[in-house]
Structures are given as structure tokens and as C-alpha cells.
Amino acid sequence: MSSSSLSSSLHCFPPPSLTFQNLKNNDRLIHNFNTPLELKQLHARLIKTNTPLSILPLTKVAFVCALSPSFSYAHQIFSHMPNKNVRSWTSMISGFVQCGKPKEAIDLFMKLEDEAVRPNEVTVVSVLAACADLGDLDLGRSVHEYSTKSGFERNVHVCNTLIDMYVKCGCLENARRVFYEMEERTVVSWSAMIAGLAMHGQAEEALCLFSEMIKLGVKPNGVTFIGLLHACSHMGLIDEGRRFFASMTADYGVIPQIEHYGCVVDLFSRAGLLEEAREFILNMPIKPNGVVWGALLGGCKVHKNIDLAEEAIKHLSELDPLNDGYYVVISNIYAEAERWEDAARVRKLMKDRGVKKTSGWSSITVNGVVHEFVAGDQTHPQAEDICKIWDKLLVKMKRRGYAPKTSVVLLDVEEKEKEKFLYRHSEKLAVVFGLMTTPEGTPIRIMKNLRVCEDCHAALKIISGMTSREIIVRDRNRFHCFRDGQCSCRDFW
DNA sequence: CGTCCGCTCG
């Protein structure tokens, strides 16, 4: 459909003849069509027959399309929609967030500010979710201020999303404050806070919060238990994890889903109970997915079990053949055992299957500008300075007992070469840049798309002590907060 | 009603 036909049919919209009944009928009509394709065809048909559409069904079209690859179609409808109101804007923003485009959601939110449309509670929820995804603390904070001024903090959805936003931006303290100051808390609020504490390695507090919630008579749901199990697996609380898994069905009637099985496999695998994890998978009442085998594979890497890793990868290459992460891990397991030929074989398999390795990056925001670094990066305008400062820092670090852990460099090269690779890891570059460009004593916040490497973990601990800086790193799925030479994860992760 | 919390891997 061309955009001109779309815009012309919507031009005099809503037409004067449109009755309430017509609106109702169209609404019902749209509700019977739920796949994006069906809606698209219906839309075309309505336009051909000159049937007027109401704003409401249009937003429904936009919303459903937003959940699918035909998102551009929704955007097209949106841009031709006359008299856009706060609901049409919000549909679009939330659509962007839900299909994993938080940047676009924020761009749209910025445009909204130029229009005479005031964001409401639902808009705020959507844009805060985008901030959470991106770790955009600055915007998150200003949307929080706006919410306070507008009286939106009485809305439980807004507060729940604020908790999640602060958690994912690394401000656990602010998340706690929102949580404790809320007037009423739902199971979502408790679950968000528990999951947040889990993400920050505060398992004991997460477990306490759960007891508190039960005491107050709040009924936990499946998501609550994911948070709890997550907390247990990331802190090595095996027995507690086992108990929660048993009790979720026995005491609370919550049937475990694939995600819960994933958590338990992760719990066992991380702790080194690989055989038990394997047995657990083989006895699961539902078909294990890639995440479940992936959790076992992760444990095999940490605890160096090649045989089990090979069993896991056999399943993974069928269940999730296009996910580069698994190939990288198995290849690294081989490399660590100096089985270079096997490692090369996996890399070739990746290539044959057209799977591309995601390269690691770290980013830091300074004065509203996002600076992104990849390993070995020399393209940053201040790359030279970063290296100089690092070299100075390194001398002092070594005096404080930092020993480069060259074993994490899985390349068949000399020791000195390995050190060079190590010193150009993206998180180190980002932290040094943060030290150079932000005022003394202020926290340094880093985002990373992959996991922190062991050497960087050790290095950042020492740097935090040396410079009296708090360094907060958001990993792919959790936080490391370095302070006074220690990490919040207590080195179990 | 267009809204919130969610398992693995480098």
C-alpha cells in the first residue's frame, strides 16, 4: 500500500458522519484480527471501501504491528495519523520499547515534548522502560522528576517502573527509596525489587524481602521466583535455591516454567554440581531449551568439563544454531585446554553456518555523550591519553599486587603479547576514560554487552581502591559494584 | 485502554 492512499483516506478523519455505533463496530472488527498481516489486509480493505477508522482501532493496529517485524507499517500509519493524541504517541513509544528499540522510543518521546501533548502515566512508564533498557540514568532521573511534579508517583505502574529503571541504571539505593516510599505495593513491585537485588548480588536482602512479602500476605507469582532463584544461583546459595524451587509449587501453587528450570540448572552449574545439573535436565518434564543447555555449558566453562560441554553443544547446535555465544564458549573451552585444532574447527563451523561473533564493547556516558570502546580500540579521539594514563596506573596497580591474568587471553601467542591484549580490553579503556574526564570522587558507570573478564574484574577492584572511586559495571545480566578494592559480587559470579 | 517485574554464554 502506498503512503499516499493511506494519508488521503485518513485526511478528513474522523468524518462528520461517524457515529458512535460505527466506531464501536470498527473497534470490534479490529479486535477479531490479531496477527499483523490480518490487520494489514483488513486495513487495506477498509480503505478501499472508504470505511472510516477511529483513532482507537488505529492504535490497536499500530500496537499489534509494533510487536512484529512489520513495525515500519505501524510507524507509517502513525506518521499519517491526524490529531495524534497522547494515546497514539504512547502506543508508538511502547511499541518501540516492546520490539527492542528503546532508542527510537526515546527519540519519539523527545518529539512529543515539542508537540502540545503532555505525557501521562502510561507514557512515563514506557519511556522509563526504555531508560532501563539503555541504562540512561540522566533521562530516567528527569522523567522521575517530571513524575513527581505531576503527581504520578501515586500510580503503582510508574513506581514499579522507576524501581526497575534505577536497578538497571545501577542505582540500587534509589530503587530501594522508591520501593519503601510507595503507598501501595503489588506483587510486581516486590518482584521488581527482589530481581533488582538479585542483579546486584544482594541475595540475603532479596530473601528477606520475600519473607516480608509473604508475611504481608502478598501472593508470589512465577516472576517472583525467577528473581529469587536468580539471587540464589548468582550467590551460590544452593540449598536455598532447591528449597524455593520445591516450595513454589508445594506452598504457593506456582507451576515452574522453562525459565525456572533454567534458573535451577544455572544454580547447579555455577556451583560446580554439573552432573546433578545434567540429571536435572534429563528429568525435566518439559523440553529443555537453549537457555537450559546454555546454563550447563556456562558451568562447564567455569569448572572445565569438556565432555559435558560437548554434550551441551550438541543440543545447542540444534536448538539455537544461530546464537554465536555458544560457539564462542565451546571454542574458548577448547582453547583453554590448548586444543587449538578443536577450537579452530568450531570457528569454521560458525563461519559455515554464517554465524557472526558479536564483538565486545563497553560504554560510558560523560556529559550526556556516550563513548563506546571495543577491545584494542585506538579510534577514540583521546586514545593516546587513555593509553598513557593506563601505563601510569598499571605501575601503581602492580605495586598493589595486581598480577595480569594472561590466561584469559585465549590466543596461541607469547606471554608479553597476551599482556598487550589484556591491557586493551574495552572495560579498562572505558574506566580509564572515566577517571580522566569525570570529577574526583564521583562514581564511574560502565555498560558492557558481554560479561566482565576475570582480569578486568581483578583490575577494577584494585583501581577502585587506589582512586577512591566507586565503579559500577552493568554486565549483560548483572552488576558489579567495585568499591574500596572489593566487588559487590564477592567474586562469585 | 497504549503501562511494570523474567533463566544461559563471550
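- Chain A has the name DYW domain-containing protein in an unreviewed UniProt entry, where Populus alba x Populus x berolinensis is given as its organism.
- Checking UniProt for chain A, the heading Sequence similarities (unreviewed entry) contains the comment "Belongs to the PPR family. PCMP-H subfamily."

## Quick word on the environment of serine 191
(1) Moving on: Mapped onto the elements of the fold, serine 191 is located in helix H12 (residues 187-199).
(2) Moving on: Separated by 29 residues in sequence, serine 191 and proline 220 place their C-alpha atoms 7.9 Å apart.
(3) Moving on: If we ignore the near neighbours within four places in the chain, the residues touching serine 191 are Asn221, Val223 and Thr224.

## Looking at the pairing of strand S1 (residues 361-366)
Along a regular strand, successive side chains alternate from one face of the sheet to the other.
(1) Moving on: Pairing geometry for S1 and strand S2 (residues 369-374), over six bridges, is antiparallel. The residue bridging valine 366 from the neighbouring strand is valine 369, located in S2.
(2) Moving on: Counted between consecutive antiparallel strands, the loop separating S1 from S2 contains two residues, among which asparagine 367 sits at a positive phi close to 50°.

## Quick word on the protein's contact with DNA strand B
(1) Moving on: In the vicinity of DNA strand B there are 49 residues, among which Arg87, Asn160, Asp324, Tyr326 and Arg451 approach most closely.
(2) Moving on: Within the contact set of DNA strand B, a base nitrogen lies 3.4 Å away from a side-chain nitrogen or oxygen of glutamate 259.
(3) Moving on: A distance of 3.4 Å separates a base nitrogen of DNA strand B from a polar atom in the side chain of arginine 476.
(4) Moving on: Taken together, the elements giving at least two residues each to the surface near DNA strand B come down to helix H6 (86-98), helix H8 (121-134), helix H10 (156-168), H12, helix H14 (222-235), helix H16 (258-270), helix H18 (290-302) and helix H20 (324-336).
(5) Moving on: Of the residues assigned to the surface near DNA strand B, the class counts are 18 nonpolar, 20 polar and 11 charged.

## Overview of the pattern of salt bridges
(1) Moving on: With the rule as written, the count across this model stands at 24 salt bridges.
(2) Moving on: The salt bridge partner of glutamate 204 is arginine 490, with a shortest N-O separation of 3.4 Å. Of this pair, glutamate 204 sits in helix H13 (residues 203-215) while arginine 490 sits in the segment after strand S6 (486-487), and the two are 286 residues apart along the sequence.
(3) Moving on: In this structure, glutamate 427 engages lysine 448 in a salt bridge whose closest nitrogen and oxygen atoms are separated by 3.3 Å. Taken as a pair, glutamate 427 in helix H24 (residues 426-437) and lysine 448 in strand S3 (residues 444-448) lie far apart in primary sequence, 21 residues in all.
(4) Moving on: Judged by its relative accessible area of 2%, glutamate 427 is buried.
(5) Moving on: One salt-bridge network, held together by shared partners, links Glu275, Arg278, Glu279 and Glu311.

Rules behind the numbers
Residues take numbers from 1 onward in each chain, read along the sequence in its written order. Labels are handed out in written order, letters beginning with A for the chains and numbers beginning with 1 for the ligands. Selection of residues for local features in this predicted model requires a pLDDT of at least 70, selection of side-chain atom pairs for listing and counting requires 80 or more, and totals for whole chains, interfaces and linings are taken over all residues. For the side-chain quantities, the full set of heavy atoms in the structure was used; hydrogens and water were omitted. UniProt positions are given in the numbering used here, feature names are shortened, and annotations may be inferred rather than shown by experiment. Numbering of helices and strands runs from the N terminus, with a helix taken as a DSSP run of H or I at least four residues long and a strand as a DSSP run of E at least two residues long. Whether two residues are in contact is decided by their heavy atoms, any of which lying within 4.5 Å being enough. Two strands pair under a simple rule: DSSP has to find at least two bridges between them. What makes a residue near a molecule or strand is one non-hydrogen atom of that residue sitting within 4 Å of it. The term polar contact refers here to a pair of N or O atoms within 3.5 Å; inside protein, the definition further demands a hydrogen-donor-capable atom paired with an acceptor-capable atom, and it admits residues adjacent in sequence only when both atoms are side-chain atoms. All amino acids are sorted into three groups, where Ala, Val, Leu, Ile, Met, Phe, Trp, Tyr, Cys and Pro are nonpolar, Asp, Glu, Lys and Arg are charged, and the leftover types, Gly among them, are polar. A pair is scored as a salt bridge if a Lys or Arg side-chain nitrogen falls within 4 Å of a carboxyl oxygen belonging to Asp or Glu. When accessible area is computed with a 1.4 Å probe and restricted to protein chains, residues below 20% of their type maximum are described as buried, those above 50% as exposed, and intermediate ones as partly exposed.

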